[in-house]
Amino acid sequence: MSTYNTSELRREDSLHHLHPFTDTKELNEQGCRIITKADGIYIYDADGHKILDAMAGLWCVNIGYGRQELIDAATTQMQELPYYNNFFKTAHPPAIKLAKKLTELAPDHINHVFFTGSGSESNDTVVRMVRRYWQLQGKPEKTVIIGRQNGYHGSTVAGASLGGMAPMHQQGGPMLPDIEHIAQPYWFGEGREMDPQEFGLLAASSLEKKIQQLGVERVAAFIAEPVQGAGGVIIPPASYWPEIQRICDKYGILLIADEVICGFGRLGQWFGSQHFNIKPDLMPIAKGLSSGYLPIGGVLVGDRVADLLIDEGGEFYHGFTYSGHPSCAAVALRNIELLEQEQVLEHVRDVAAPYFAERWAELASHPLVGEARSLGLLGALELVADKVTLSRFEPGIGGLCRDICFETGIVMRSVGETMVVSPPLVITKEEIDQLIGLARASLDATAQRLGIAL
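Anyway, here's the lowdown on the structure attached to this text. These figures come from a predicted structure and were not determined experimentally. (Residues numbered from 1 in each chain as written. Predicted model: local features only at pLDDT ≥ 70, side-chain atom pairs only at ≥ 80, totals over all residues. Heavy atoms only, no water.)

1. So, the nonpolar core
One finds Leu 98, Leu 102 and Phe 222 to be the most contacted residues of the largest nonpolar core, which totals 104 residues. Contacts of Leu 102, omitting those with residues within four sequence positions, involve Val 113, Phe 115, Phe 264, Ile 285, Leu 289, Leu 300 and Ile 336. In this structure, Ala 158, Leu 282, Val 299 and Ala 306 belong to the second largest nonpolar core, which totals 24 residues. (Core = buried A, V, L, I, M, F, W, Y, C linked by side-chain atoms within 4.5 Å. Buried < 20%, exposed > 50% of the residue type's maximum accessible area, 1.4 Å probe, protein only. Contact = heavy atoms within 4.5 Å.)

In structure tokens:
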């Protein structure tokens, strides 16, 4: 095991490294945490601390850390063909085989994939495909894509535009034109005075109202995550997605399900769309596609879009240097094989998710928790100052709890005053018990720091 001069690494980091989604001045004053090793569901920092990674990296290490099979897949491919592109009438076996496999896993009406390097690039691709589709239909005025407030679709200009996160829009200057946003199905935060199913229908109805407001002749598509991830693991009421599907069908607009987080087993099925029984025309993918071992993404393209692009579109002026990168594609294909061979999705659906839901719900009794919700292997805790009124803390308590989690030995993410988790899909019942114990200890320590009696 390598040894590191932690203080020197922190010094060099502060001098040269700009971190994503970070207040760099604040980080440099505190010093970053340096992660040096990982195995199973655990990461280790440069000082040797063992930390349970309840976020699977960034929602992505589905198969767990330290899988030699994926290392071997990358090594073998790099020895044979480390890189070549898919431009200029060329292809290579890993991209071809991965495309075939992905379309076998996808719903029957999806038979093509366009490869990218990340989820953000996948959503950039979606914008290009949607607008080209309607252009080929002879309706170039159908350019408006409707997303959701507090949705997240990446941090490129197109991805940030599709997403509805105000802080990103405020920093980014003018976003892409013809992107609109509607209400999110956030029952705890925005509708708990209503029956959840009534609220789900109300949230979905905002799509129809927006279409009518803008004019269907202008609206091209609706994009949303099956479960909002970075927005705070917002699980829509059961009534929500059937109504969204009905509205999209009624007006003939494209439905885009952003599967970057939910895809590849997070909800116990290959795609979150299958859990909610919807029929998307486009499905951006990334993260769990390779379990984060190498960067790769893509867009699964439904037949009505793909057939028109192929038959009438001519050359599609879009792509990336690393679209279908052979080494990344080989790792992604082997990752999918392992998920199948080890019946990881069945483990999530039949063992891990039900047990996680049972144990996670126990945290609702904690003095700081107003709601504990979960679906599949996604979980959220709403931090509240008063369990009766469910009034919120002042901003910053989520960040405090997140930092305390690291001190306790667990990674949980804070989204405002909501704590979220997304552990590796291979997590066992015993490890779920550890996760719950560490989460409760972190909540206790946060309460003590705030002077709240337990």
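2. Quick word on the pairing of strand E4 (residues 110-116)
For E4, a buried count of five out of seven residues is recorded, marking the element as mostly surrounded by other parts of the structure. Note: E4 against strand E10 (residues 297-302), six bridges, orientation antiparallel. Bridge pairing links Thr 116 to Gly 297 in E10. (Helix = DSSP H or I, 4+ residues; strand = E, 2+ residues; numbered from the N terminus. Pairing = 2+ DSSP bridges.)

3. Description of the pairing of strand E3 (residues 50-53)
In the sheet, strand E2 (residues 42-45) pairs with E3 via three bridges, with the strands oriented antiparallel. Paired with Tyr 44 across the bridge in E3 is Lys 50. Hairpin connection from E2 to E3: four residues lie between these consecutive antiparallel strands, with Gly 48 at a positive phi of about 90°. Note that E3 and strand E13 (residues 410-411) share two bridges and pair parallel. Across the sheet, Leu 52 pairs through a bridge with Ile 410, a residue of E13.

4. A word on the sheet that holds E13
Spatially, the four strands line up as an open sheet ordered E1-E2-E3-E13, and their pairing is mixed. With partners counted over all chains shown, the strands left at the sheet margins are strand E1 (35-39) and E13, one partner each.

5. Description of the sheet that holds strand E12 (residues 378-383)
Within the open sheet, the four strands sit side by side as E11-E12-E15-E14. Their pairing is antiparallel. On the outer flanks of this sheet lie strand E11 (369-375) and strand E14 (413-415), each paired with one strand and no other. Looking at each pair of strands side by side, their axes are set apart by 25° on average, direction ignored. The pairing of E14 with strand E15 (residues 418-421) spans three bridges and is antiparallel. If you follow Val 415 over to E15, its bridge partner there is Thr 418. Against the sheet, helix H16 (residues 397-408) engages E12, E14 and E15, with an angle of about 40° to E15. (Axes fitted to C-alpha atoms, helices over the stretch in contact; angles between N-to-C directions.)

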